[in-house]
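# Observations on chain architecture
This is what each chain is made of:
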Amino acid sequence: MKLTRRDFLLKGTALFATLGLGGALFTETGKSILASSFEEDIEDPVLVVVQLSGGNDGINTLIPYGQGVYYDSRPTLAYQQKDVLALDNHVGLHPSLVGLSALYKLGKMAVIQGVGYPEPDHSHFRSMEIWQTAEPEKISRSGWLARYVESSLRGNNNPLKAVQVGASGSKAFASDKLSFPVVQSLETYNLMDPKTAMLDKNRLTKAFLDMYSAQNQVEQLRVISGRGYEAYKSVEAIQALTATYANKIEYPKTNFAKDLQLVSKLLAGKSGTRVFNVQIGGFDDHADEKVQHAKVLTQVDEGLTAFYKDLEAQGLQDRVMVMMFSEFGRRVKENGSGGTDHGTAAPMFVIGGKVNGGLYGAYPSLSNLDNGDLKYEMDFRSVYNTLIDKWLKGDAAAVLNKSYENLKFI
């Protein structure tokens with residue numbers, strides 16, 4: 001197939017006009033994508049990934065209150081034993097995590113201790129990239145959730161099979177093959193903002209013209225057109241959700257809680273989504289940690305507690321698991337500013353009606369350190385492997401490039 005510049009401009013302009021003005025978009029068979037449908041099993045298991053951005057202080061989240069070195073290392077940041085929400089005689093949760101403590105006692109939360117990876121990186125950008133791509137040894141173009149969709153959901157044509165919720169996307173969904181919607185609100189989700197449609201259209205036109213000059217113009221046109229088709233389908237699917245969401249649970253007035261409620265609304269609307277990604281920031285506590293950390297952990301606790309109650313109210317608690325992580329923990333010793341600096345290993349949390357609750361793995365030594373950092377006890381890819389293999393019933397080896405240990409929390 002060979003396109004002349006005139007053909008390319010005519011067809012490209014027509015496509016952009018269609019997208020910009022919101023008219024009907026047709027497939028190569030002449031059928032409108034608005035007439036397309038998908039048949040998905042809405043009873044399939046769902047994974048909600050919660051990202052704590054900034055490097056959550058795992059030591060003051062899962063507190064080793066039974067170790068004297070904890071108090072020696074943190075003269076102003078340590079929590080007294082009487083304030084810790086004890087899980088056993090050695091460790092307990094931060095005082096702000098009242099709701100999660102209750103879920104743990106009900107057997108609905110697993111805590112995986114000392115999670116990390118070899119040769120840890122203290123950079124926010126690089127460490128987050130490692131967690132989102134599951135590739136500590138190299139720079140990867142693809143995200144682990146994208147690889148799960150590509151390898152395990154190949155026959156799933158639902159444009160909402162994997163959704164990013166909130167203000168920004170995650171490299172966990174990076175893909176050369178697929179696009180994934182980023183949804184902030186069901187009411188406002190659309191392909192383009194009408195106020196900036198012309199600007200967006202101009203940018204897209206430039207992209208088409210730049211693409212025209214490349215040698216692989218036809219293949220790039222196919223990819224761009226495919227992504228536009230996916231985006232348009234996701235808009236139509238979001239707008240077609242007609243199920244009534246019964247708001248029986250009062251959520252806190254925070255952005256994090258709002259994002260979790262949006263997940264619940266999509267599930268109530270039978271969106272068929274298999275994977276969600278949600279994030280909350282504010283964990284980079286280099287100074288004045290005690291107040292800030294308590295504040296943001298309260299938002300996490302209240303948001304997740306309301307979300308779990310909402311799932312129960314809808315009878316969905318056994319279909320959904322929440323996995324919570326941060327790109328790294330903090331150092332054992334507090335710094336001179338009443339905070340903590342970038343560290344390494346930290347706990348992960350998995351919540352759900354089908355979770356085998358409890359403590360997993362060993363708490364890292366607070367005295368046998370690697371240049372001031374905790375030595376990890378559990379590779380995070382074992383947690384991913386367990387969730388992909390045992391929960392999502394996917395091809396974990398295809399996602400992670402090899403098999404890892406399956407843990408017993410499922």
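See the structure printed just above.
Residues numbered from 1 in each chain as written. Predicted model: local features only at pLDDT ≥ 70, side-chain atom pairs only at ≥ 80, totals over all residues. Heavy atoms only, no water.

Regarding its fold elements, the protein presents 11 helices and 12 strands. Taken across its 410 residues, the protein has 53% of its residues classed as buried. Restricting to contacts in the protein with at least 6 residues of sequence separation, those with at least 24 account for 73%. Working note: accessible area of the protein is about 18,600 Å², and carbon and sulfur atoms make up 51% of it. (Helix = DSSP H or I, 4+ residues; strand = E, 2+ residues; numbered from the N terminus. Buried < 20%, exposed > 50% of the residue type's maximum accessible area, 1.4 Å probe, protein only. Contact = heavy atoms within 4.5 Å. Areas by Shrake-Rupley, 256 points an atom, 1.4 Å probe, with all protein chains shown as cover.)

In this section: the pattern of salt bridges. Within the structure shown, the criterion is met by 10 salt bridges. Between Asp83 and Lys82 there is a salt bridge, with its nearest N and O atoms 3.3 Å apart. The class of Asp83 is partly exposed, set by a relative accessible area of 33%. A salt bridge links Asp379 to Arg381; the shortest N-O distance between them is 2.8 Å. Exposure remark for Asp379: the relative accessible area of 13% places this residue in the buried category. Arg381 gets classed as buried once you look at its relative accessible area, which sits at 4%. (Salt bridge = Lys/Arg side-chain N within 4 Å of Asp/Glu carboxyl O.)

Bringing empty space enclosed by the protein into the picture now. Going through the model one piece at a time under the given rule, you end up with seven cavities of 30 Å³ or more. A volume near 90 Å³ is recorded for the largest cavity. Those elements that provide at least two residues to the lining of the largest cavity are β5 (109-116), α4 (124-133) and β10 (346-352). With three residues, the single largest contributor to the lining of the largest cavity is β10. (1 Å grid on protein atoms, 1.4 Å probe; cavity = no way out; pocket = protein on both sides within 12 Å on 5 of 7 lines; lining within 4 Å. Points joined across faces, edges and corners; volume = space filled by probe spheres on them.)

In this model, helix α8 (residues 255-268) (14 residues) spans 20 Å end to end at C-alpha, consistent with the 20 Å of a helix rising 1.5 Å per residue. Every buried residue of α8 is accounted for by Phe256, Ala257, Asp259, Leu260, Gln261, Leu262, Val263, Ser264, Leu266, Leu267 and Ala268. At the C-terminal side of α8, Lys270 shows a positive phi close to 60 degrees. (Expected span 1.5 Å × (residues − 1).)

Among the seven residues that make up strand β9 (residues 320-326), seven are buried, leaving the element largely enclosed by the rest of the structure. Residues of β9 alternate between two faces, with Val320, Val322, Met324 and Ser326 on one and Met321, Met323 and Phe325 on the opposite face, all of them buried. Here β9 pairs with β10 via four bridges, running antiparallel. Of the residues in β10, the one forming a bridge with Met321 is Gly352. (Pairing = 2+ DSSP bridges.)

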